[in-house]
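Take a look at the letters that make up each chain.
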Amino acid sequence: MALPTINPTQTAAWQKLQAHFAQMKTAQMQDLFATDAHRTEKFHIEWQDFLLDYSKNIVSEETLALLQELASEVDLKSAIEQYFGGGLINQTENRAVLHTALRSKQTEPILVDGKDILPEIAAVNQKIAAFSESIISGTHKGYTGKAITDVVNIGIGGSDLGPAMMVEALKYYKNQLNVHFVSNIDGDHVQEILKLVDPETTLFVIVSKTFTTQETLTNAQTIRAWFLKTASQQDVAKHFVAVSTNLEKVQAFGIAPENIFPMWDWVGGRFSLWSAVGLSISLAVGPAHFENLLKGAYDMDTHFKTTPFEQNMPVVLALLSIWYNNFYGAETEAIIPYNQYLQKLVPYLQQGIMESNGKHIGRDGKPVNYQTGTIVWGEPGTNSQHAFFQLIHQGTKLIPTDFIGFKHSLYGNQEHQDKLMSNFFAQTEALLMGRPAAPGLSPFKVFTGNKPTNTLLIEKLTPASVGALIALYEHKLFVQGIIWNIFSYDQWGVELGKQLANTILEDIETKKVAAHDASTTFLLNKYLG
Ligand code: F6P
């Protein structure tokens, strides 16, 4: 069964939303609050230790009802069933999209090509746990008999951003291992990391779903050559492991089969931290915390799968985002975590959201005639308040913003926590209320307010809550892709640049600049000259 190919703008709900927008476009949230004493009560969702307050949005009950009608009209419900059930929803690559299976606790089989994938997932999870234990406890020794002290994850895109974000997010839960990440093909990046580690005590984890990625393979080769300056070929087995679907290529690289952690083509790179791609996470925090991370995501999956749309966090967030993107014409969305551990959350979500929904061809194979993928950006608060918040408050653009905060800090410094969270609450209040013009008040000090925000208040940063948070955004982007009638799980848009880079590399290596556009030819000649 394929996903439906419904142009959202042709639905009855879209037409109604357009008419409704004509009335709402001048609406002031302050008035909406003033005329409904129960607004926040109605427009919030509590789920486990998450609270989503979405009352500070330029929406009425009618807006939300129409947006939900839109979700029903594009048959979101059956799309969700296909997503979790292993339907080939990554149609352009003829694949299922089953990162949710990696964290599933269900006992009923999940079938891919008629075969239950749950036993295989459990076996790999066991392998990850056992290997992590052996490294953390020091029973696995390096080639000179010393315990491993450092781990270097070599990967890029989904094979880097997820583990790097999560190792940072869960730093409080970390053990003694130092975990480093090499991603960029910039040789200076590799060199800076190698400066920090000792070949005798370092484990290298090469992560590449395809094992064909230029950056990762080049970095891995450079690092192996560096390692072999002091160690011998037979020592490679103690220091290099790989995560990939491409077992042949990994073995050709010289990694022993027992050092390969398999993954599957039904796991997209940008959704792969739950698979063996998360090995660095399991090494950094230990298998028990890794398991809790998966459990948190699974709980969010269950919420998403089973909760009616009006109480469903990912669905509500997705619909609000569509409202601003497609009706208000908002160009971007900001995501601001009030938490330093989440400093890599936004770059991680940028890949998830923008690689997934940055598409202009509909599922019917024709160009769409409406906006799709949102541009997301952001930095942790309060740092971002002192950087770009000026534009959110007083600029000319509408930037719906998600505020993510935690009720409790991890080390329990209450003074800092209260100051941090007072900023968190103050910003959404200021964005809502603004500061009206008044006699004697300089126009430069007027704030229009009426800037939409979502507030996500979570009890505490734990492996489970971060797992749920990431799953929340994964499902939000899924819902948006379904409504926009695009394929969210391929990434053909990154291919052309890769191919051209190979052609240009040949030009550079041979010092013969082949035919390019005039600007590129000019630049290449300057580079070679
Ligand atoms: O270039 C984009 C991409 O294909 C991402 O989708 C992926 O996460 C990344 O490259 C790395 O791919 P691989 O894990 O196969 O090395």
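Residues numbered from 1 in each chain as written. Predicted model: local features only at pLDDT ≥ 70, side-chain atom pairs only at ≥ 80, totals over all residues. Heavy atoms only, no water.

## Considerations on the layout of surface pockets
- For the largest pocket, the calculated volume is near 880 Å³.
- Forming the boundary of the largest pocket are 35 residues, of which Thr 210, Thr 213, Val 494, Glu 495 and Lys 498 lie nearest the centre.
- Elements supplying a minimum of two residues to the lining of the largest pocket: helix H9 (214-227), helix H15 (345-357) and helix H19 (495-510).
- Top element by residues in the lining of the largest pocket is H19. It accounts for five residues. (1 Å grid on protein atoms, 1.4 Å probe; cavity = no way out; pocket = protein on both sides within 12 Å on 5 of 7 lines; lining within 4 Å. Points joined across faces, edges and corners; volume = space filled by probe spheres on them. Helix = DSSP H or I, 4+ residues; strand = E, 2+ residues; numbered from the N terminus.)

## Structural notes on the pairing of strand S6 (residues 178-182)
- Buried residues dominate S6, accounting for four of its five residues.
- Between the parallel elements strand S5 (residues 150-154) and S6, the chain passes through helix H7 (residues 161-169) in a crossover that is right-handed. (Buried < 20%, exposed > 50% of the residue type's maximum accessible area, 1.4 Å probe, protein only. Right-handed = clockwise from strand over helix to strand, strands pointing away.)

## Observations regarding the environment of Ile 404
- Structurally, Ile 404 can be placed in strand S12 (residues 401-408).
- Residue classification places Ile 404 among the buried residues on the basis of a relative accessible area of 0%.
- Placed 68 residues apart in sequence, Ile 404 and Ile 336 show a C-alpha to C-alpha distance of 6.2 Å.

## Quick word on the site of the ligand
- In the region of the ligand, 14 residues are neighbours, and Ser 159, Ser 208, Thr 210, Thr 213 and Glu 355 sit closest.
- In the environment of the ligand, an oxygen atom lies 2.6 Å from a nitrogen or oxygen atom belonging to the side chain of Thr 210.
- Side-chain polar atom of Thr 213 to an oxygen atom of the ligand: 2.5 Å apart, as the coordinates give it.
- When atoms are counted within 2 Å of each cavity's grid points, the one that captures over half of the ligand is the largest pocket. (Near = heavy atom within 4 Å. Polar contact = N/O pair within 3.5 Å; in protein donor to acceptor, adjacent residues only side chain to side chain. Sits in = over half its atoms within 2 Å of the grid points.)

## Quick look at H7
- Judged by how many residues are buried, H7 sits mostly within the fold: eight of nine residues are covered.
- Among the residues of H7, those classed as buried are Gly 162, Pro 163, Ala 164, Met 165, Met 166, Val 167, Glu 168 and Ala 169.

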